[in-house]
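Secondary and tertiary structure notes
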Amino acid sequence: MEFSASDIAALLKGEIDGDKNVKVSNVSKIEEGEKGTLAFLANPKYENFIYESKASIILVNKSFVPRKKINATLIKVEDAYKAFARLLEYYVQAKNLIKTGIEQPSYIDQTAIVGENIYLGAFAYIGKNVKIGNNVKIYPQVYIGDNVVIGDESIFYSGCKIYSDTKIGNRCIIHSGAVIGSDGFGFAPQDDGSYKKIEQIGNVILEDDVDIGANTTIDCGTMGSTIIRKGVKLDNLIQIAHNCEIGDNTVMAGLVGLAGSTKVGKNCKFAGQVGLAGHLIIGDNVQIGAQSGVSKSVAGDQIVLGSPAIPVKDALKMYTILRNLPKLRDEVIQLQKEIKELKKGE
Amino acid sequence: MEFSASDIAALLKGEIDGDKNVKVSNVSKIEEGEKGTLAFLANPKYENFIYESKASIILVNKSFVPRKKINATLIKVEDAYKAFARLLEYYVQAKNLIKTGIEQPSYIDQTAIVGENIYLGAFAYIGKNVKIGNNVKIYPQVYIGDNVVIGDESIFYSGCKIYSDTKIGNRCIIHSGAVIGSDGFGFAPQDDGSYKKIEQIGNVILEDDVDIGANTTIDCGTMGSTIIRKGVKLDNLIQIAHNCEIGDNTVMAGLVGLAGSTKVGKNCKFAGQVGLAGHLIIGDNVQIGAQSGVSKSVAGDQIVLGSPAIPVKDALKMYTILRNLPKLRDEVIQLQKEIKELKKGE
Amino acid sequence: MEFSASDIAALLKGEIDGDKNVKVSNVSKIEEGEKGTLAFLANPKYENFIYESKASIILVNKSFVPRKKINATLIKVEDAYKAFARLLEYYVQAKNLIKTGIEQPSYIDQTAIVGENIYLGAFAYIGKNVKIGNNVKIYPQVYIGDNVVIGDESIFYSGCKIYSDTKIGNRCIIHSGAVIGSDGFGFAPQDDGSYKKIEQIGNVILEDDVDIGANTTIDCGTMGSTIIRKGVKLDNLIQIAHNCEIGDNTVMAGLVGLAGSTKVGKNCKFAGQVGLAGHLIIGDNVQIGAQSGVSKSVAGDQIVLGSPAIPVKDALKMYTILRNLPKLRDEVIQLQKEIKELKKGE
């Protein structure tokens, strides 16, 4: 999509200084700007870049007074940063609006109920008794299993897989390759050393405004539900086991793994590659450092780090001493020598 | 699916105490039971919950004598726990039985041979010379590459990908997004720093009763096979590299990674996020603690922990001392002072 | 595919010693050779295996003189190892050549431009304004989003997902389940504890000769691009976050995770399960040991290990002392006793 300086000025109620017909098809950072892109200058620290930027259009604050000649067309607005953010939202909305209608071939079971104004990509599959709200976007090759219920305005990117009986709220975003509702890892050991599968008959519930990253997996409850509360944001390649529950607005970075039945509170932050054992209770506002291994429950408002994880202050103190272990070792050897000397002296 | 108390009593040869027409569509734990669900009471420890449970039907042992009024309809059976487990199996079987026939559009190469009574979902793909046994279920958007051979009663959930030449036994379950038979990570370094791909012409063999979790990946052998033996259970997001071999009934939790050519024995248990280097030999009955990094072969019947992994007793002792390192550091400083004093005293 | 000894001898310009009609359909290692397979003997260390090998055909150097009777048909060539490697390449090429043409049903938007001699599998999807070069192979159920540009001879295995605006060079290989261009993990914290999605409008660029493993995920730039340079090889289940850049010929093993905006140099080697924090700069020729956690930038030509990662020499020294910590602890206790004695003695 291409936009002219006059299109953008009209949208942002800005004032043009330069060529009103110049066109852009992308955005850039002011320090990297190339021809055909739009950048913005908000922080005066970056002012020097504006005189050399190759961006075709640059948003600036009304109050900005250039010290030298600028090649780009300027659009003057009240607040350049906010105007830029608004522009991005318009852009993404416009891009999404293109996606509409039902592409063929696709598969909708005749018992499914589908809302208004949805996009259904080719090779997408909607199972029996599925209920889908309005303005939902389902990209190509998505699978929606039987009895799934989906709210309004949720987006399912190409190839994500939603097992039967999953419930998904409004404004959720599920990225490609994510798997929601696969069987929990439950097997009963038999006398001969083999395992018998324990039937997994629960489901997954995603409340409103949940984002699920690419190739993340969330297992269904063995019985009952695995629950991802309102506003939770999960990055890519995360494993959430059966019957876990994650509280409102908790965020987790890539490659985190939670074992079964662990409950995580609200507003927590887990860094990448963190692992949690099963059946733990993690309080609200807990932060866990990267690669930590959590084997015990953690009370609210704690920051923990390490494998096994301990309070972050203790962990950092321990790392400092660890790094100086060879020195400590040498000191002990020195002490041994001195004591030997002292004993001789006796 | 809805079932009445009389349906269920008939199935379990139980006796009804209450409304025989009440219906349930799901199961619940007795402490969480809601209207329209069936729960069970086996462990007397949970007896108090039965008087407050909102479950519509509760399975109880014949021997159970209530101390107060119970709202739910009771079904009395010989062994409430076993009856419940049997009920779950019936339920899952009934659910699976719905899945049958060939949905359109799907793709079956004319050289493929497909057994009786299979389910083939829409947009599933069956390549050249594929041989599939009886009662196999292939969900929508599954890919079965050329020359793949599949036994009876295996289940392939939506969107799993089976590369050409893979061999899969009976009663295997492959979850969504799992990839079986992708190229091993083999590249020959060239003089200019670049890498030349080493052609990967082996395959993957899954023996009978193997379960593969969502988004788990198993690479083919460079030459020969990557072999997953009978009864192995792999959780989600696991990486098994080329030419690995995993012995009977070994289980691995999520996010485990095995490098190339490592052989794992029978009846092993690996916890989450464990990593194994390549070309190792791990004996039978080995247990590896969460997040351990195994860089050397491990003899049978060992339990190891840590990164690098060491015997679990040593690891736990080390962790205890680690946690007390600041104290040890202080003690050494104290000793240094005392010796200084002693020397002065000399 | 089956080949006779005379087929293979003709291809390799070799000389047959034995049955020219014997046929093989696979290759094997000489020590594991079975009927119907072809093996090779290059290293004299393995000579003993040739007398017992069950392989039907064995490639040998012209100079090889057997000491005993050999059951297999021999094909004598100048250099048995090189001949074998060449044979593998022929084999894989022959296998790939089978894949050609457009299978139905597939979906090609009418605005897409597709090169000559491509393979497009059933249920594959090509979006608006896509440009695809010559000799590209797109397996079933692949998704190519709008405006994607792809060079010549690249291969997309079944079910990989390429988001809109991605640019992919020549001779790239993308394995099943890989996701290229999913949204970066960017959310602005709000006053009420919730998060607002930051629109991700950048893209991913894969230069020439890039290999991406199964179920690996690469997020698009928030603005600008996530860039994977020429010759990079990524294994399975790797997470590359928004705006990362990976230099020429760098290789990473499975389950590695990079946080946002980290730049990695050329010719680096990362072992399995390594994690890197965001906004780091890693120099050229850096090697990172398995399960390391890198929280600071690393200058070129370094080898680091551990979580947190430190120079490998220091890490190995530290591990040695760690393993002897109980001994160190005992030594300090012993010193305390001795000093007590000395003090008494004063």
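Residues numbered from 1 in each chain as written. Chains lettered and ligands numbered in written order. Predicted model: local features only at pLDDT ≥ 70, side-chain atom pairs only at ≥ 80, totals over all residues. Heavy atoms only, no water.

Quick word on the overall build of chain A
Defined as follows: Strands here mean DSSP runs of E at least two residues long; helices mean DSSP runs of H or I at least four residues long; both are numbered from the N terminus. Each radius of gyration is computed over the set of C-alpha atoms, and the globule rule expresses the reference value as 2.2 Å times the number of residues to the power 0.38. Exposed residues in this analysis have more than 50% of their type's maximum accessible area, buried residues have under 20%, and partly exposed residues fall in between, with area computed by a 1.4 Å probe over protein chains only. Should any heavy atoms of two residues lie within 4.5 Å, those residues are counted as being in contact. Each accessible area is a Shrake-Rupley result for a 1.4 Å probe, and residues are judged covered by the shown protein chains and nothing else.
In terms of regular secondary structure, chain A is built from five helices and 40 strands. For 346 residues, the compact-globule formula gives about 20 Å, and the C-alpha radius of gyration of chain A, at 28 Å, lies well above that figure. Over its C-alpha atoms, taken along the principal directions, chain A stretches across nearly 95 × 70 × 30 Å. Here chain A holds 346 residues, and 56% of them are scored as buried. Relative to all contacts within chain A whose residues are 6 or more apart in sequence, the contacts with residues 24 or more apart total 17%. Looking at chain A as shown, the accessible area adds up to about 14,700 Å², and 50% of this sits on carbon and sulfur atoms.

Some words on the interface of chain C and chain A
The test is simple: Each salt bridge in this description consists of a side-chain nitrogen of Lys or Arg and a carboxyl oxygen of Asp or Glu lying within 4 Å of one another. Here a polar contact is recorded for every N or O atom pair within 3.5 Å, except that within protein the pair must consist of a potential hydrogen donor and a potential acceptor, and residues adjacent in sequence are included only if both atoms are side-chain atoms. Only Asp, Glu, Lys and Arg are considered charged in this grouping, and only Ala, Val, Leu, Ile, Met, Phe, Trp, Tyr, Cys and Pro are considered nonpolar; every other residue, Gly among them, is considered polar.
On the chain A side, the residues contacting the 63 residues of chain C number 57 residues. The tally of links between chain C and chain A comes to four salt bridges. Where C:Lys196 meets A:Glu89, a salt bridge forms, and the shortest distance between an N and an O atom there is 2.7 Å. For the pair chain C and chain A, the number of links is 24 residue pairs in polar contact (both at pLDDT 80 or more). Elements that contribute at least two residues to the side of chain C that touches chain A include exactly strand E21 (179-182), strand E23 (195-197), strand E26 (217-219), helix H4 (312-323) and helix H5 (325-345) of chain C. Residue contributions to the side of chain C that touches chain A peak at 10 residues, all from H5(C). Residue composition of the side of chain C that touches chain A, by class: 30 nonpolar, 19 polar and 14 charged.

Remarks on the state of the cysteines
Cut-off, in case you're wondering: The disulfide criterion is simple: two cysteine sulfur atoms within 2.5 Å.
On inspection of all chains with the given rule, the structure shows zero disulfides over all chains. A:Cys220 forms no disulfide, and the closest cysteine sulfur to it belongs to A:Cys244, at a distance of 12 Å. On the accessibility criterion, A:Cys220 (3% relative accessible area) is buried. Here B:Cys160 stays unpaired: no disulfide links it, and the sulfur of B:Cys172, its closest cysteine neighbor, is 11 Å away. Given a relative accessible area of 0%, B:Cys160 falls into the buried group.

As for H4(C)
Condition: To estimate how far a helix should extend, the number of its residues minus one is multiplied by 1.5 Å.
Taking 1.5 Å of rise per residue, 12 residues should cover 16 Å, and H4(C) covers 16 Å from first to last C-alpha, within 8% of that figure. Where H4(C) is buried, its residues contact helix H4 (312-323) and helix H5 (325-345) of chain A, helix H4 (312-323) of chain B together with strand E39 (303-305), strand E40 (310-311) and H5 of chain C.

Some thoughts on the relation of the copies chain C and chain A
Here is the rule: For the least-squares superposition of copies, only C-alpha atoms count, and only for residues with pLDDT at least 70 in both.
When chain C is fitted to chain A, the best match, at an RMSD of 0.1 Å, comes from turning it 120 degrees and sliding it 0.0 Å along the axis. Both copies are brought into coincidence by an operation consistent with a three-fold rotation axis.

Digging into the environment of B:Asn243
Residues and elements named next belong to chain B. Looking at the element boundaries, Asn243 is found in the loop between strand E29 (239-240) and strand E30 (245-246). For Asn243, a relative accessible area of 10% puts it in the buried group. Sequence-wise, Asn243 and Met223 are 20 residues apart; in three dimensions their C-alpha atoms are separated by 7.8 Å. Ignoring sequence-local partners within four residues, the contact set of Asn243 consists of Cys220, Gly221, Thr222, Met223, Gly224, Ser225, Thr226, Ser261, Thr262 and Lys263. A polar atom in the side chain of Asn243 sits 2.8 Å from the backbone oxygen of Met223.

Some remarks on the sheet that holds strand E35 (residues 275-276) of chain A
Inclusion rule: A strand pair is defined by DSSP finding two or more bridges across the two strands.
Across the sheet, which stays open at both edges, the 10 strands sit in the order E9-E12-E15-E18-E21-E26-E29-E32-E35-E38 (chain A) with parallel pairing between neighbours. Looking along the sheet, the strands with just one partner apiece sit at the ends: strand E9 (107-108) and strand E38 (293-294) of chain A.

Details of the interface of chain A and chain B
Counted only if it meets this: Defined here as a combined quantity, buried area equals the accessible surface (1.4 Å probe) lost by two parts on assembly, summed across both.
Of the residues lining the interface, 63 residues belong to chain A; the matching set on chain B comes to 58 residues. Interface area, chain A with chain B, both sides summed: about 4,800 Å², of which 66% is carbon and sulfur. Its largest share of buried area at the contact with chain B, chain A owes to A:Phe185, A:Tyr195 and A:Ile201, together 14% of the area lost on that side. Taken together, the connections running from chain A to chain B amount to four salt bridges. In this structure, the salt-bridge partner of A:Asp146 is B:Lys99, at a minimum N-O distance of 3.0 Å. Of all the secondary structure elements, the ones that give two or more residues to the side of chain A that touches chain B are strand E21 (179-182), strand E23 (195-197), strand E26 (217-219), H4 and H5 of chain A. Counted by class, the side of chain A that touches chain B contains 30 nonpolar, 19 polar and 14 charged residues.

Describing the domain arrangement of chain A
Formally: Here the limits of each domain have been adopted from an automatic or database domain assignment.
Partitioning chain A into domains gives domain 1 (3-98) and domain 2 (160-308). A separation of 41 Å is found between the C-alpha centroids of domain 1 of chain A and domain 2 of chain A.

As for the packing of aromatic side chains
Each aromatic ring pair is specified by the distance between its two centres and by the angle formed by the two planes. The condition is simple: Only the six-membered ring of Trp is used, alongside the rings of Phe and Tyr, when aromatic pairs are assigned; centres must lie within 6.5 Å, and planes under 30 degrees apart are stacked while those over 60 apart are edge-to-face, with the rest tilted.
According to the stated counting rule, one finds 31 aromatic pairs over all chains in the structure shown. Considering the side-chain rings of B:Tyr107 and B:Tyr125, the 4.4 Å spacing of their centres and the 5 degrees angle between planes classify their relative orientation as stacked. Here B:Tyr107 is found in strand E9 (residues 107-108), whereas its partner B:Tyr125 is found in strand E12 (residues 125-126), with 18 residues between them in sequence. Across the pair, B:Tyr125 and B:Tyr107 agree in class, each one buried. Each residue in the set A:Tyr119, A:Tyr139, A:Tyr157 and C:Tyr163 is aromatic and connected to the rest through ring pairs, giving one cluster.

Some points on the sheet that holds strand E11 (residues 119-120) of chain B
All names here are of chain B. Within the open sheet, the 12 strands sit side by side as E8-E11-E14-E17-E20-E25-E28-E31-E34-E37-E39-E40. Their pairing is mixed. Edge strands, defined here as strands with exactly one partner in the open sheet, are strand E8 (101-102) and strand E40 (310-311). Where strand E14 (residues 137-138) and strand E17 (residues 155-156) come together, two bridges link them in parallel fashion. Its bridge partner lying in E17, Lys137 is registered against Ile155.

Observations regarding the pairing of strand E7 (residues 73-77) of chain A
All names here are of chain A. Of all five residues in E7, four are buried, a share of seventy percent or more. Pairing analysis gives three bridges linking strand E2 (residues 15-17) to E7, with the strands arranged antiparallel. Residue pairing across strands places Asp17 opposite Leu74, the latter belonging to E7. Pairing geometry for strand E6 (residues 57-61) and E7, over five bridges, is parallel. Paired with Ile58 across the strands is Leu74, a residue of E7.

Side note on the packing of helix H1 (residues 5-12) of chain B against helix H3 (residues 80-98) of chain B
Residue and element names in this part refer to chain B. Stated formally: Note on geometry: axes are C-alpha line fits, over the in-contact stretch for helices, and angles between N-to-C directions span 0 to 180 degrees. Each angle receives one of four descriptions, namely roughly parallel if under 35 degrees, roughly antiparallel if over 145, roughly perpendicular if within 65 to 115, and oblique otherwise.
Running from amino to carboxyl end, H1 crosses H3 at an angle of 110 degrees, the nearest separation of the two axes being 11 Å. Of the possible angle classes, the one that applies to H1 and H3 is roughly perpendicular. Facing H1, whose interface residues are Ile8, Leu11 and Leu12, H3 presents Ala83, Arg86, Leu87 and Tyr90.

So, unusual backbone geometry
What is expected of a backbone is that most residues other than glycine have negative phi and most peptide bonds are trans. Between A:Ser307 and the following residue, A:Pro308, the backbone shows a cis peptide bond with an omega angle of 0 degrees. Along the chain, A:Pro308 turns up in the loop between strand E39 (303-305) and strand E40 (310-311). Note that the residue after B:Gln104, namely B:Pro105, is joined by a cis bond; omega there is 0 degrees. For A:Asn215, which is not glycine, the phi torsion reads 60 degrees and is therefore positive.

A closer look at the pairing of strand E5 (residues 37-41) of chain A
All names here are of chain A. Extensive coverage of E5 is indicated by the burial of five of its five residues. Residues of E5 alternate between two faces, with Thr37, Ala39 and Leu41 on one and Leu38 and Phe40 on the opposite face, all of them buried. Sheet analysis places strand E4 (residues 26-27) next to E5, joined by two bridges and oriented parallel. Looking across to E5, one finds that Val27 is bridged to Leu38.

Quick word on the pattern of salt bridges
Tallying each qualifying case throughout the model produces 47 salt bridges over all chains. In this structure, B:Lys327 and B:Glu331 form a salt bridge, with 3.5 Å as the shortest nitrogen-oxygen distance. Residue B:Lys327 and its partner B:Glu331 are located together in helix H5 (residues 325-345), separated by four residues, close to a single helical turn. Residue C:Glu245 is joined to C:Arg229 by a salt bridge in which the shortest nitrogen-to-oxygen separation is 3.0 Å. With C:Glu245 in strand E30 (residues 245-246) and C:Arg229 in the loop between strand E27 (225-228) and strand E28 (233-234), the pair connects residues that are 16 residues apart, well separated along the chain. The exposure class of C:Glu245 is partly exposed, given its relative accessible area of 23%. Salt bridges linked by common partners bring A:Arg171, A:Asp208, A:Asp209 and A:Lys230 together as one network.

Notes on the confidence of the model for chain A
A low pLDDT score tells you not to read the predicted coordinates there in detail. Convention followed: pLDDT: the predictor's confidence for each residue, scored from 0 to 100.
Across chain A, pLDDT averages 94, with 99% of residues at or above 70. Confidence estimates for the predicted assembly give a pTM of 0.93 and an ipTM of 0.91.

Some remarks on the side chain of A:Asp209
Residue and element names in this part refer to chain A. Among the structural elements, Asp209 can be located in the loop between strand E24 (203-206) and strand E25 (211-212). The class for Asp209 is buried, based on a relative accessible area of 19%. Polar side-chain contacts of Asp209 include one of 2.8 Å to the side chain of Arg171. Residues within four places of Asp209 in sequence aside, it is in contact with Asn170, Arg171, Cys172, Lys230, Gly231, Val232 and Lys233.

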